[in-house]
Amino acid sequence: MGNDEQVLAAEFEAQLGIRPQVTIRTPSRRVLLAHTDGTQLIKDSSGDFTILLHGELYGDHPLSTQEAEELVLTAYAEHGPSFFSGLDGSCAFLIVDTRRDLVTVVTDRVNSRRVFHTQRDGCHWIATDLPWIPATECDPVALIPYLISGFICLGRTPLLGVRQLESASIHRFVEGSVLSEPYWKYRFNHEYTDRDPADLRTELASLLRKAAVRRVSPDEQVILSLSGGYDSRAVLGLLREIVPAEKIYCFSYGPETADDVTVPKMIASRFGLQHGVFNFHGDLVEGLRANARLGHGLVDFMPSADVLNELASRFSVPHTVMFSGDECFGWDESPPLPTEQLVLANIVGVRNPLLWPTWIFSDAVDANAIISDVEADWAQIRGLGQNFASLQEFKDFLYVDQRLSNLQLPWREYYFGRRLPIRNLLLDRDILEFIKRLPDSARYSRQLYCDCVREMFPDLFSLPMADFNGNPLDHHKLVTSQAKALETLLENTSALDTIIPVDSIRKLIDDIVKQSAPVKRPPAVSWGRAKQFIKSLAKRVPFASSLYNTISGAPIQAPMKLGARHLERILLMRHVLRKHD
């Protein structure tokens, strides 16, 4: 590190209390950059530009470090900042052209690697993780969506003034502003409407196998989060075509009796694969701290955070990769969501903010103003629907553009991705392009994809599917049993205190403890199973379809009652925003 970089590193350490591994200062000092382990530094021979690669690139096979460097330098020299439109990868690029004093960030199609930005003291700050950004205040407009649904849309973060840069875009940083231009859009053109479904299944199968070849090396140890549904089962089928069985390790999360554990165990046993089962250790306080440390308030509280160290300690990290089943084939539903209101509520958690209980806010804040700003954000999401010809299109767009990129992918990146490379072969560039050409009927309930993978892997799909997906954790019981221990999370001061005071949190804990049952309805497991059962009948029984839409839409109109999940999110966010003396 040169003298100038040492000075800049000292500036970071003074502002944030952390010291970067590498720092770069542009000649005009308008932009400050830092990165730590996990980001690849690429420089051209002339020294005119430097590229930081955060994530991975894929070629005709998993690329080595040298191959990735050569590909990036060649593509950038030929095409400039738009070079990524012709590449495939789960990554973000930060390009510093010192000769022209230009700084550019290029994000991938689904924001599988996040980049954050703020402006402070006339300078742009850019980082791939929130702690590298100098900001101390909470964004109250981001708070309500997070507390309702567990994630934040439209590029907001928990930190006031800190934004997440948009996906599939080229971002240029100039004095006082950021100029963003998309190089790719997720829009449906129905080009394949008249094609035979059998031909479409054949093409999709070919794309899936090519995507696997680009991401899988036979000599790597492969870890797969295996559930009882379609997606991880399809990924397993693709992995088995390339990787020897002894190099595939499957794991499931949850109690031994859960469907998402018993079915994967059956699959692993049938095909001679290693399989491990992990479960929440039960310490809610430590679980919340782990979530705050890993996710920084960008994703919902995940009890599975504590599995990370156990899993990573079993393998040699440089030679191990993890695969997940995140996909883009359509919103899995039956029955169809009949209104825009239900689409927004079910996919991105948009509900009437006027129903949010304002008693929890501090008297020092204008609760009505916060709610008004939240409604303006949600109106912006509703406005996106004007770009689509049907509700089906709008729904499938929101799933990829907002839910996938703001809920599922951050979970992968910040939890397991901090220790192991994460690869999402079902989000391949060519597969995304293929999905854009499909008619609505092929994407409805992921029909084409499900038919395709059943044909590809009949042995895997001959085994039962899980009736209930997800870890059936009783959050209400967990909070009630550990109410006193949760007080330890209220000991330090936090930037959240000016919006949600500690007394309001204590009142919420007391209210939850006094409840005989969560939100006066059956326990979470029974409620989820009831919805799954009604959903399974919906295609055959019109009454079941109406009933499912009714119970799914009920929370939109009902006054919101704060419960255990809301408390977990409040405590998590408070710990993220805690102040250090």
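Going by the structure above, here's the rest.
The shown structure was predicted, so the numbers you read here are calculated from the model rather than taken from an experiment. (Residues numbered from 1 in each chain as written. Predicted model: local features only at pLDDT ≥ 70, side-chain atom pairs only at ≥ 80, totals over all residues. Heavy atoms only, no water.)

> Any chance you could break down the overall build of the protein chain for me, citing the residues and the numbers?
Each helix and strand counted, the protein chain has 21 helices and 16 strands in total. In the protein chain, which comprises 581 residues, the proportion classed as buried is 57%. Sequence separation of at least 24 residues holds for 74% of the intrachain contacts in the protein chain that already meet a minimum separation of 6. Looking at the protein chain as shown, the accessible area adds up to about 24,000 Å², and 50% of this sits on carbon and sulfur atoms. (Helix = DSSP H or I, 4+ residues; strand = E, 2+ residues; numbered from the N terminus. Buried < 20%, exposed > 50% of the residue type's maximum accessible area, 1.4 Å probe, protein only. Contact = heavy atoms within 4.5 Å. Areas by Shrake-Rupley, 256 points an atom, 1.4 Å probe, with all protein chains shown as cover.)

> Tell me about helix H21 (residues 564-576), and please be specific about residues and values.
When the terminal C-alpha atoms of H21 are compared, their 18 Å separation across 13 residues agrees well with the 18 Å that a helix rising 1.5 Å per residue should span. By the criterion of burial, H21 is predominantly enclosed, with 11 of the 13 residues buried. Listing the buried residues of H21 in full gives Ala564, His566, Leu567, Glu568, Arg569, Ile570, Leu571, Leu572, Met573, Arg574 and His575. (Expected span 1.5 Å × (residues − 1).)

> Just give me the short version of helix H14 (residues 447-456), but keep the residues and values in it.
Leu448, Tyr449, Cys450, Cys452, Val453 and Met456 are the residues of H14 that are buried. Packed against the buried residues of H14 are helix H4 (197-215), helix H5 (231-240), helix H12 (429-436), helix H13 (440-443) and helix H15 (458-461).

> Tell me about the packing of aromatic side chains, and name the residues and values.
Scanning the model with the defined rule gives 16 aromatic pairs in all. Considering the side-chain rings of Phe251 and Phe416, the 6.0 Å spacing of their centres and the 50 degrees angle between planes classify their relative orientation as tilted. Placement of the pair is Phe251 in strand E13 (residues 248-253) and Phe416 in the loop between helix H11 (391-414) and strand E16 (422-423), with a sequence separation of 165 residues. Each member of the pair Phe251 and Phe416 is classed as buried. Pairwise contacts between aromatic rings join Phe49, Tyr76, Phe83, Phe84, Phe93 and Tyr183 into one cluster. Over the face of the ring belonging to Phe461 we find Arg233, whose NZ or CZ atom lies 5.5 Å from the ring centre. In this structure, Arg443 is placed above the aromatic ring of Phe188, and the distance from its NZ or CZ to the ring centre is 3.9 Å. (Phe/Tyr/Trp six-rings, centres within 6.5 Å; stacked < 30°, edge-to-face > 60°. Lys NZ or Arg CZ within 6 Å of the ring centre and 35° of its normal.)

> Tell me about the packing of H4 against H14, residues and numbers included.
With their axes 9 Å apart at the nearest point, H4 and H14 run at an angle of 70 degrees to one another. Here H4 is positioned roughly perpendicular relative to H14, judged by the angle of their axes. For the pair H4 and H14, the crossing hand works out as right-handed. Taken together, the residues of H14 that come into contact with H4 (itself represented by Pro197, Leu200, Arg201, Leu204, Ala205, Leu208 and Arg209) are Leu448, Tyr449, Asp451, Cys452, Val453, Glu455 and Met456. Residue composition of the contact of H4 with H14, by class: 10 nonpolar, no polar and 4 charged. (Axes fitted to C-alpha atoms, helices over the stretch in contact; angles between N-to-C directions. Parallel < 35°, antiparallel > 145°, perpendicular 65-115°, else oblique. Left-handed = near helix turned anticlockwise from the far one by under 90°. Nonpolar A, V, L, I, M, F, W, Y, C, P; charged D, E, K, R; others polar.)

> Outline the environment of Gly385, listing residues and values.
Structurally, Gly385 can be placed in the loop between helix H10 (367-383) and H11. You can call Gly385 buried: its relative accessible area is 15%. Taking the C-alpha atoms as reference points, Gly385 and Leu398, separated by 13 residues in sequence, lie 9.0 Å from one another.

> An account of empty space enclosed by the protein is needed here, citing residue identities and associated values.
Within this structure, the stated rule accounts for 7 cavities of 30 Å³ or more. Residue lining of the largest cavity: 15 residues in total, with Gly89, Ser90, Val110, Ser112 and Leu427 positioned closest to the centre. Of all elements in the fold, only strand E5 (88-97) and H12 reach the threshold of two or more residues within the lining of the largest cavity. Taken together, the residues of the lining of the largest cavity sort by class into 5 nonpolar, 4 polar and 6 charged. (1 Å grid on protein atoms, 1.4 Å probe; cavity = no way out; pocket = protein on both sides within 12 Å on 5 of 7 lines; lining within 4 Å. Points joined across faces, edges and corners; volume = space filled by probe spheres on them.)

> Describe the pairing of strand E12 (residues 221-225), listing the residues and the values that go with them.
Burial within E12 is extensive, with 4 of its 5 residues counted as buried. Both E12 and strand E15 (residues 320-323) contribute to a ladder of 4 bridges, which runs parallel. The residue bridging Val222 from the neighbouring strand is Val321, located in E15. Judged from the 4 bridges that link them, E12 and E13 form a sheet pairing that is parallel. Residue pairing for E13: Leu224 is matched across the bridge by Cys250. Considered for its hand, the β-α-β crossover made up of E12, H5 and E13 is right-handed. (Pairing = 2+ DSSP bridges. Right-handed = clockwise from strand over helix to strand, strands pointing away.)

> Account for the sheet that holds strand E14 (residues 274-278), with residues named and values stated.
Strand-to-strand pairing in sheets goes through backbone hydrogen bonds, with the strands running parallel or antiparallel. With parallel pairing, the 5 strands of this open sheet are ordered in space as E14-E13-E12-E15-E16. In this open sheet, the two edge strands, each paired with only one partner strand, are E14 and E16. Strand direction decides the pairing type here: E15 and E16, joined by 2 bridges, are parallel. The residue bridging Met322 from the neighbouring strand is Ile422, located in E16.

> Please set out unusual backbone geometry residue by residue, giving values where relevant.
Residue Asn111 is not a glycine yet carries a positive backbone phi of 55 degrees. One can find Asn111 in the loop between strand E6 (102-107) and strand E7 (116-120). Phi at His296 takes a positive value of approximately 55 degrees, unusual for a residue other than glycine. Topologically, His296 is positioned in the loop between helix H7 (284-295) and helix H8 (307-312). Overall, the relative accessible area of 13% leaves His296 in the buried class.

> Give a description of the pattern of salt bridges that names residues and reports values.
Applying the stated criterion across every chain, the model contains 34 salt bridges. As a salt-bridge pair, Arg437 and Glu191 come within 3.3 Å of each other at their nearest N and O atoms. Taken together, the residues span a long stretch of sequence, with Arg437 in the loop between H12 and H13 and Glu191 in the loop between strand E11 (177-182) and H4 at a distance of 246 residues. Note that Arg429 and Asp430 form a salt bridge whose closest N and O atoms lie 3.1 Å from each other. Judged by its relative accessible area of 24%, Asp430 falls in the partly exposed class. Here the salt bridges do not stand alone but share partners, grouping Asp88, Arg214, Arg215, Asp428, Arg429 and Asp430 into one network. (Salt bridge = Lys/Arg side-chain N within 4 Å of Asp/Glu carboxyl O.)

> Break down the nonpolar core for me, citing the residues and quoting the values.
Counting 171 residues, the largest nonpolar core has Phe83, Phe93, Leu208, Leu486 and Ile500 as the members making the most contacts within it. The element that contributes the greatest number of residues to this core is H11, accounting for 9 residues. With residues near it in sequence (within four places) discarded, Ile500 still touches Leu143, Leu147, Ile360, Phe361, Ile505 and Ile570. Judged by nonpolar contacts, the second largest core, of 10 residues, contains Ala92, Val96, Val103 and Leu165. (Core = buried A, V, L, I, M, F, W, Y, C linked by side-chain atoms within 4.5 Å.)

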